[in-house]
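Fold and geometry: a report
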Amino acid sequence: MVNQEYYKLGTAPSVIRQLFAYGLEQAKKVGAENVYDYSIGNPSIPAPKKVNESIKAIVDECDSVKVHGYSMAAGFEGARNAVAKDLSERFGLDVKAGELFFTCGAAPALVSVIKALTVSPETEIMLVAPFFPEYTPFVTSNGGKAVVIPADTKAFQIDLEKVEANITANTQAIIINSPNNPSGVVYTEETLTALAELLSRKGEQYGHPIYIIADEPYRELVYGGVRVPFIPTIYKNTIVCYSYSKSLSLPGERIGYVYVPAFAEDSKAVYAAVSGAARIIGHVCPPTLIQMTIERCAAERPDLAAYDENRILLYNSLTEMGYECAKPDGAFYLFVKAPDGNSEAFSEKAKLEHNLLVVPGGGFGCPEFFRLSYCVANDMIKRSLPAFKAMIESYK
Ligand code: PLP
């Protein structure tokens, strides 16, 4: 006998993985150049040069027992100091190492924070559609309730009226993700300020803080001079979950952190509970080698030229063809409306007729739209354009 909830999760098909596997099979039959795979969000630009140089130097020069040994549960002081310094310099805050808890990427950071804030089966955590599909099991498998805020399908900002209508005495937090997967939209200062005002007012009404859990793996992936507001500077009760998976192209290295600002309400208790939750899920002492690398590379930023070129080519080409698309200022996704609003059918037809692999939006809480990950070769985008054209023509 096994835990049935986890059994279901472990055997549930992942649409993205299925599309990806289909693409690999089709490539053997029709040639890789005839498959247009926009399914997976795996970074396609290399990590900055300094990352690899640092790894080599650490392995060659540092004490091997330390490099391959355990770190402290919350991470090495050196790495936490380097990140604290970088955040302080960039965002005008006085971040301290003791406010940071290193994790194996954003996923365990989120699970630890959600676990820390889930106090009873009545606990409610709000998710703003469209959202990263894993949020749902992250919340429900910890015994809380996931309350979905329907998408604002015009601008893909946050529909604050719907947020307000869904806040109850049991609301502990709202998870927001900007730049957003899957829409590529960056929440504006105006949206975030209004959200902060609403959460402060409701928190006062119910007599407890309502936290923002800011999931920020794409914080550095932003184009055209658009600014990504740092949410703790707008709303004090913000807990940040960060990852280097996308920003430094290091998804396989599993490194990120939780930042619990000292000025957040009950910050000491929240930090302690995050560290206890990380212990329960077994995600403590993230890889030492990569922490030591982050210590040297905390101020490194990605070269986004290749993503930006893809973004402009795809966005301009698709909108010229007549597709409607959320304005993609960040991350590496486009969220495109299916011509008849049925993204499931669009995805299936595109796959079978054109080997064009796009992810239907149902799992993101937005079934009219499909997601394209444009962290792909620019040449593939050019080759795929006739397929997009044929698809939209077939709906006329
Ligand atoms: N949050 C969002 C919005 C993501 O898109 C992802 C990964 O794609 C994650 C969290 C998980 O990131 P990590 O690889 O750091 O666990």
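Residues numbered from 1 in each chain as written. Predicted model: local features only at pLDDT ≥ 70, side-chain atom pairs only at ≥ 80, totals over all residues. Heavy atoms only, no water.

1. Details of the nonpolar core
The cut-off we apply is this: By convention a nonpolar core is built from buried Ala, Val, Leu, Ile, Met, Phe, Trp, Tyr and Cys residues, the set being connected through side-chain atoms within 4.5 Å. Under the scheme applied here, a residue whose accessible area is under 20% of the maximum for its type counts as buried, over 50% as exposed, and between as partly exposed, the area being computed with a 1.4 Å probe on protein chains only. Put simply, DSSP marks the helices as runs of H or I at least four residues long and the strands as runs of E at least two long, and each gets a number from the N terminus on. The contact rule is simple, with two residues in contact once any of their heavy atoms fall within 4.5 Å.
Ranked by internal contacts, the top residues of the largest apolar core, which has 47 residues, are Val83, Val163, Ile174, Ile176, Ile212 and Tyr257. A per-element tally of this core places helix H5 (residues 77–91) first, with 6 residues. Those residues in contact with Val83, other than ones at most four positions away along the chain, are Leu100, Phe102, Tyr244, Tyr257, Ile294 and Ala298. Grouped together as the second largest cluster of nonpolar side chains are 40 residues, Tyr135, Ile175, Phe364 and Cys366 included.

2. Notes on the site of the ligand
Rule in force here: We call a residue near a given molecule or strand whenever any one of its heavy atoms falls within 4 Å of it. Any N or O atom pair separated by 3.5 Å or less is treated as a polar contact, with the protein-specific requirement of one donor-capable and one acceptor-capable atom, and with residues adjacent in sequence counted only for side-chain atom pairs. Values of accessible area rely on a 1.4 Å probe in the Shrake-Rupley scheme; residue burial ignores everything except the protein chains shown. Of the grid points, spaced at 1 Å and generated over the protein atoms alone, those admitting a 1.4 Å probe that cannot get out make up cavities, while open sets with protein on both sides within 12 Å along at least five of seven lines make up pockets; any residue with an atom within 4 Å of a point is treated as lining. Those molecules having more than half of their atoms within 2 Å of a cavity or pocket grid point set are described as sitting in that cavity or pocket. In this count, Pro and Cys sit with the nonpolar residues alongside Ala, Val, Leu, Ile, Met, Phe, Trp and Tyr, while Asp, Glu, Lys and Arg are called charged and the others, Gly among them, polar.
The environment of the ligand is formed by 14 residues, the closest being Ala106, Asp215, Tyr218, Ser243 and Arg254. Asp215 is positioned such that a nitrogen or oxygen atom in its side chain is 2.6 Å from a nitrogen atom of the ligand. Protein chains bury 91% of the 390 Å² of accessible surface belonging to the ligand in isolation. In this structure, the ligand is accommodated by the largest pocket. Classifying every residue of the shell around the ligand gives 6 nonpolar, 5 polar and 3 charged.

3. Observations regarding the pairing of strand S3 (residues 124–128)
S3 sits mainly inside the fold: 5 of its 5 residues count as buried. Residue alternation in S3 divides its side chains into two sets, Glu124, Met126 and Val128 and Ile125 and Leu127, and both sets are buried.

4. Section: the environment of Asn180
With respect to the helices and strands, the residue Asn180 is situated in the loop between strand S5 (171–177) and helix H9 (189–206). Linking Asn180 and Lys154, residues 26 residues apart in sequence, is a C-alpha distance of 15 Å. Leave out the neighbours within four places in its chain, and Asn180 touches Pro130, Val185, Tyr187, Ala331 and Tyr333.

5. Some points on the packing of helix H6 (residues 106–117) against helix H10 (residues 267–280)
Operational definition: Note on geometry: axes are C-alpha line fits, over the in-contact stretch for helices, and angles between N-to-C directions span 0 to 180 degrees. In this scheme the handedness of a crossing depends on how the near helix is turned from the far one: anticlockwise by less than a right angle means left-handed, clockwise means right-handed.
Where H6 meets H10, the axes come as close as 8 Å, and the angle between the chain directions of the two elements is 120 degrees. Relative to H10, H6 is oriented so that their crossing is right-handed. Judged by residue contacts, Ser112, Val113, Lys115, Ala116 and Leu117 of H6 engage Val270, Ala273, Val274, Ala277, Ala278 and Ile280 from H10. Among the residues forming the contact of H6 with H10, the class breakdown is 9 nonpolar, 1 polar and 1 charged.

6. Thoughts on empty space enclosed by the protein
What counts is decided by this rule: Grid points are joined across faces, edges and corners, and a volume is the space filled by probe spheres set on the points.
Within the structure shown, the criterion is met by 2 cavities of 30 Å³ or more. The calculated volume of the largest cavity comes to roughly 80 Å³. A total of 3 residues in the lining of the largest cavity trace back to one element, the largest contributor, which is H5. Its residues assigned to classes, the lining of the largest cavity shows 7 nonpolar, 1 polar and 6 charged. In this model, the second largest cavity occupies a volume close to 40 Å³.

7. Quick notes on the layout of surface pockets
Our working rule: These domain limits were set by an automatic method or by a database of domain assignments.
Computed from the structure, the largest pocket encloses a volume of approximately 1400 Å³. Elements with a contribution of two residues or more to the lining of the largest pocket: helix H1 (4–11), helix H2 (15–30), H6, helix H7 (135–140) and strand S11 (359–360). Both of domain 1 (4–47 + 303–393) and domain 2 (49–297) provide at least three residues apiece to the lining of the largest pocket. Taken as a whole, the second largest pocket spans an internal volume of roughly 320 Å³. Around the second largest pocket sit 16 residues that line it, and Phe20, Asp37, Tyr38, Val376 and Met380 are the ones nearest its centre. Only H2 and helix H14 (378–393) provide two or more residues apiece to the lining of the second largest pocket. At 4 residues, H2 tops the list of elements feeding residues into the lining of the second largest pocket. In terms of residue class, the lining of the second largest pocket is made up of 10 nonpolar, 4 polar and 2 charged.

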